[in-house]
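# Survey of secondary and tertiary structure
Chain by chain, the residues run as shown.
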Amino acid sequence: SAVISQKPSRDICQRGTSLTIQCQVDSQVTMMFWYRQQPGQSLTLIATANQGSEATYESGFVIDKFPISRPNLTFSTLTVSNMSPEDSSIYLCSTGGHEQFFGPGTRLTVL
Amino acid sequence: GQNIDQPTEMTATEGAIVQINCTYQTSGFNGLFWYQQHAGEAPTFLSYNVLDGLEEKGRFSSFLSRSKGYSYLLLKELQMKDSASYLCAVSPPGGATNKLIFGTGTLLAVQP
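Residues numbered from 1 in each chain as written. Chains lettered and ligands numbered in written order. Predicted model: local features only at pLDDT ≥ 70, side-chain atom pairs only at ≥ 80, totals over all residues. Heavy atoms only, no water.

## Quick word on the overall build of chain A
Along its length, chain A carries zero helices and 10 strands. The order of helices and strands in chain A, counted from the N terminus, is β-β-β-β-β-β-β-β-β-β. Oriented by its inertia axes, the alpha-carbon framework of chain A measures out at about 35 × 25 × 20 Å. The burial tally for chain A puts 50% of its 111 residues in the buried class. Pairs at least 24 apart in sequence give 52% of the contacts found in chain A among residues at least 6 apart. Of the roughly 5,300 Å² of accessible surface on chain A, 49% is carried by carbon and sulfur atoms. Taken as two groups, the 7 positive and 8 negative side-chain charges of chain A have centres that lie 8 Å from each other. (Helix = DSSP H or I, 4+ residues; strand = E, 2+ residues; numbered from the N terminus. Buried < 20%, exposed > 50% of the residue type's maximum accessible area, 1.4 Å probe, protein only. Contact = heavy atoms within 4.5 Å. Areas by Shrake-Rupley, 256 points an atom, 1.4 Å probe, with all protein chains shown as cover. Lys, Arg positive; Asp, Glu negative; His and termini not counted. Charge placed at Lys NZ, Arg CZ, Asp CG, Glu CD.)

Here it is, written out as structure tokens:
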């Protein structure tokens, strides 16, 4: 099983600023994914973070708003740019595979 | 596209059995997952079905019928700690390391 950590665990940010969330896996993984979970809702996939190439974004999510880095097989970052209160959510990273593991999440509140 | 439906909420009694259903319509299929998520925590993996039939794992079992686009999660001998959201997710085709499309989740309340 993979152990995934995320930083920060939570943050409160001002409108118009940006926050970068880090995701660290304790083993090398081919695929990493970023999800968003808005209050009281299920998970929505934002993008697939590919090592050595640009991320693949789902419908409704764009690189300018959610730039992603994947510098190696154990690490990825997601930036939430030019934040608005609608971006208040929990952001989770996960690894691919038959038994996908999730990080503990980053709880973001935008004022 | 993908459409995954689950009941929003369910209530059951401690010690009983509960079945949480999930129906899906997807443009492709590479497996169905069930996750448990307690409030304020990350989802934890429960089961994975890619072939038709029942997969049993302790008190939890998951069933899949690909022809019907239907799955259920069966929880036996319910305990208070089973109160959580249960998320059904489908993996579109593309290999074992693919993304997940989640249903809306079912909030299960276990009562004494």
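## Considerations on the state of the cysteines
Formally, a disulfide is one covalent bond, and it connects the sulfur atom of one cysteine to the sulfur atom of another. Applying the stated criterion across every chain, the model contains two disulfides over all chains. Covalently, A:Cys23 is tied to A:Cys93 through a disulfide, its sulfur atoms 1.9 Å apart. Linking A:Cys23 and A:Cys93, the disulfide has an S-S dihedral of approximately 75 degrees and is accordingly described as right-handed. A residue pair is termed long-range when its members are at least 10 positions apart, and A:Cys23 in strand β3 (residues 19–25) and A:Cys93 in strand β9 (residues 89–95) qualify at 70 residues. Of the residues examined, A:Cys23 reaches a relative accessible area of 0% and is grouped as buried. Classification of A:Cys93 as buried rests on a relative accessible area of 0%. Bridging B:Cys22 to B:Cys88, the disulfide has an S-S length of 2.0 Å. Given an S-S torsion of about -65 degrees, the disulfide between B:Cys22 and B:Cys88 has left-handed geometry. In this pair, B:Cys22 is assigned in strand β3 (residues 18–26) and B:Cys88 in strand β9 (residues 84–90), connecting sequence segments 66 residues apart. Here A:Cys13 is not cross-linked by a disulfide; its sulfur's nearest cysteine counterpart is in A:Cys93, at 17 Å. (Disulfide = S-S within 2.5 Å.)

## As for the packing of aromatic side chains
The geometry of an aromatic ring pair is captured by the separation of the ring centres together with the interplanar angle, meaning the angle of the planes. Scanning the entire structure with this criterion turns up 15 aromatic pairs over all chains. Measuring from ring centre to ring centre gives 5.0 Å for B:Phe63 and B:Tyr72, while their planes differ by 15 degrees; the resulting arrangement is stacked. B:Phe63 sits in the partly exposed class, given a relative accessible area of 23%. Taken together, the ring pairs connect A:Tyr35, A:Phe102, B:Phe33, B:Tyr35, B:Phe45, B:Tyr48 and B:Phe102 into an aromatic cluster. (Phe/Tyr/Trp six-rings, centres within 6.5 Å; stacked < 30°, edge-to-face > 60°.)

## A look at the interface of chain B and chain A
Listed by partner, the interface residues are 18 residues for chain B and 19 residues for chain A. Between chain B and chain A the total buried area reaches about 1,500 Å² when both faces are included, carbon and sulfur atoms providing 57% of it. A salt bridge links A:Glu58 to B:Lys99; the shortest N-O distance between them is 3.0 Å. Taken together, the links from chain B to chain A amount to five residue pairs in polar contact (both at pLDDT 80 or more). Mapped by element, the contributors of at least two residues to the side of chain B that touches chain A are β4 (32–37) and β5 (44–49) of chain B. Here the residues of the side of chain B that touches chain A are counted per class, giving 10 nonpolar, seven polar and one charged. (Buried area = accessible area lost by both parts, 1.4 Å probe. Salt bridge = Lys/Arg side-chain N within 4 Å of Asp/Glu carboxyl O. Polar contact = N/O pair within 3.5 Å; in protein donor to acceptor, adjacent residues only side chain to side chain. Nonpolar A, V, L, I, M, F, W, Y, C, P; charged D, E, K, R; others polar.)

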